[in-house]
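# What the coordinates show
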Amino acid sequence: MSLPKSYKQGLRSAALCAWAAGIGLWAPRLAADTPVMPGVMVFAATLGDNWDLYAVRGRSRAELARLTHTPYDEKSPAVSSDRRMIAFATSGGELAVHDLETGQTKSLELAEYPGHWDFPAYSPDGKQLACTYFEGDVQDRARLAIIELETQQVRFPLDQYGPQLAPALAPSGSRVAY
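Structure report, in brief. (Residues numbered from 1 in each chain as written. Predicted model: local features only at pLDDT ≥ 70, side-chain atom pairs only at ≥ 80, totals over all residues. Heavy atoms only, no water.)

On to unusual backbone geometry. Not every positive phi belongs to a glycine, and Arg 83 is a case in point at roughly 65°. Inspection of the secondary structure puts Arg 83 in the loop between β5 (74–79) and β6 (85–90). Relative accessible area serves as the criterion here: at 16%, Arg 83 is assigned to the buried category. Located in the positive-phi region is Phe 119, a residue other than glycine, with phi close to 55°. With respect to the helices and strands, Phe 119 occurs in strand β9 (residues 116–122). (Helix = DSSP H or I, 4+ residues; strand = E, 2+ residues; numbered from the N terminus. Buried < 20%, exposed > 50% of the residue type's maximum accessible area, 1.4 Å probe, protein only.)

Let us look at the nonpolar core. Of all hydrophobic cores here, the largest spans 16 residues; its most connected members are Leu 95, Leu 108, Leu 110, Trp 117, Tyr 122 and Ile 147. If you list the elements that add at least two residues to this core, you get β6, β7 (95–99), β9, β10 (128–134) and β11 (142–148). Of the residues forming this core, the biggest block, 3 residues, is contributed by β10. Not counting the four nearest positions on each side in its chain, Leu 95 is found in contact with Phe 88, Ala 89, Lys 106, Ser 107, Leu 108, Leu 110, Trp 117, Asp 118, Pro 120, Cys 131 and Ile 147. Leu 53, Ala 55, Leu 67 and Ala 96 belong to the second largest nonpolar core, which has 10 residues in total. (Core = buried A, V, L, I, M, F, W, Y, C linked by side-chain atoms within 4.5 Å. Contact = heavy atoms within 4.5 Å.)

Mapped onto the elements of the fold, Asp 49 is located in the loop between β2 (40–46) and β3 (51–57). The exposure class of Asp 49 is exposed, given its relative accessible area of 84%. Along the primary structure Asp 49 and Pro 71 are separated by 22 residues, whereas in three dimensions their C-alpha atoms are 8.6 Å apart.

The strand order across the open sheet formed by 4 strands is β5-β6-β7-β8, and the pairing between neighbours is antiparallel. Because the sheet does not close on itself, it has two edges, and the strands there are β5 and β8 (105–107). Between one strand and the next, the sheet's axes are offset by a mean angle of 25°, whatever the strand orientation. Across 4 bridges, β5 lies against β6 in antiparallel orientation. Each residue of the ladder has a partner; that of Lys 75, found in β6, is Ala 89. (Pairing = 2+ DSSP bridges. Axes fitted to C-alpha atoms, helices over the stretch in contact; angles between N-to-C directions.)

Moving on, we get to the pattern of salt bridges. Applying the stated rule across the entire model yields 3 salt bridges. Of the charged contacts in the structure, one is a salt bridge between Asp 52 and Arg 66, with a shortest N-O distance of 2.6 Å. Here Arg 66 lies in strand β4 (residues 63–66) and Asp 52 lies in strand β3, a separation of 14 residues in the sequence. Residue class for Asp 52 comes out buried when judged on its relative accessible area of 1%. Here Arg 66 falls in the partly exposed class, since its relative accessible area comes to 33%. (Salt bridge = Lys/Arg side-chain N within 4 Å of Asp/Glu carboxyl O.)

What follows covers the sheet that holds β11. Read from one edge to the other, the open sheet built from 4 strands follows the order β9-β10-β11-β12, with strand pairing classed as antiparallel. The open sheet has two free edges, formed respectively by β9 and β12 (154–155), since each of these has just one partner strand. The pairing of β9 with β10 spans 5 bridges and is classified as antiparallel. Each residue of the ladder has a partner; that of Tyr 122, found in β10, is Leu 129.

This brings us to the packing of aromatic side chains. Following the criterion strictly, the structure yields 6 aromatic pairs and no others. Plain terms: the ring middles of Tyr 113 and Trp 117 are 5.8 Å apart, the flat faces sit at 85° to each other, and that makes the pair edge-to-face. Take Trp 117: its relative accessible area is 2%, and that puts it in the buried class. Here Trp 117 and Tyr 133 contribute two aromatic rings whose centre-to-centre distance is 4.5 Å and whose plane-to-plane angle is 40°, an arrangement assigned as tilted. Of this pair, Trp 117 sits in strand β9 while Tyr 133 is found in strand β10, placing the two residues 16 residues apart along the sequence. One exposure class covers both Trp 117 and Tyr 133, and it is buried. Aromatic rings pair up to connect Tyr 113, Trp 117, Tyr 133 and Phe 156 into one cluster. In this structure, Arg 143 packs its charged tip against the face of Phe 156, placed 4.1 Å from the ring centre. (Phe/Tyr/Trp six-rings, centres within 6.5 Å; stacked < 30°, edge-to-face > 60°. Lys NZ or Arg CZ within 6 Å of the ring centre and 35° of its normal.)

Spelled out as structure tokens, the structure:
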């Protein structure tokens, strides 16, 4: 990817301080070393008209990779435990997954839920996403949701509305904090 030198330097320093002069950064997620992506940080940044996802990879020399380039803003990136997939939300209220090996992005088919989705988090086995579902346009009608990625079936484990934001799954996968 060819970016001006000032942007490259700013984005590299973002891995250390989460802010680069003139470039907004949001939701950096650090991932452990793996053969697929050694030493990676995934984040949303705006280098033009909207927010896209980027990764800074590498140990001694940071390598910048642009992961998405769409008309929507991408936000809330979550890295799978095997470091092969990135789940994220869009400003259009959708959830999508990006395969780091193929470079392909796929939106989840959740049209039967007319609200919007945010804050995805992978289960330890990578088969589910815990996330927040906002029903309609009402911000305080947030619900914790679990999505089976293979079937894209949705379940709501709590029968209540409220601030069920930014879920995180325990390493065992048996508990959810929000």
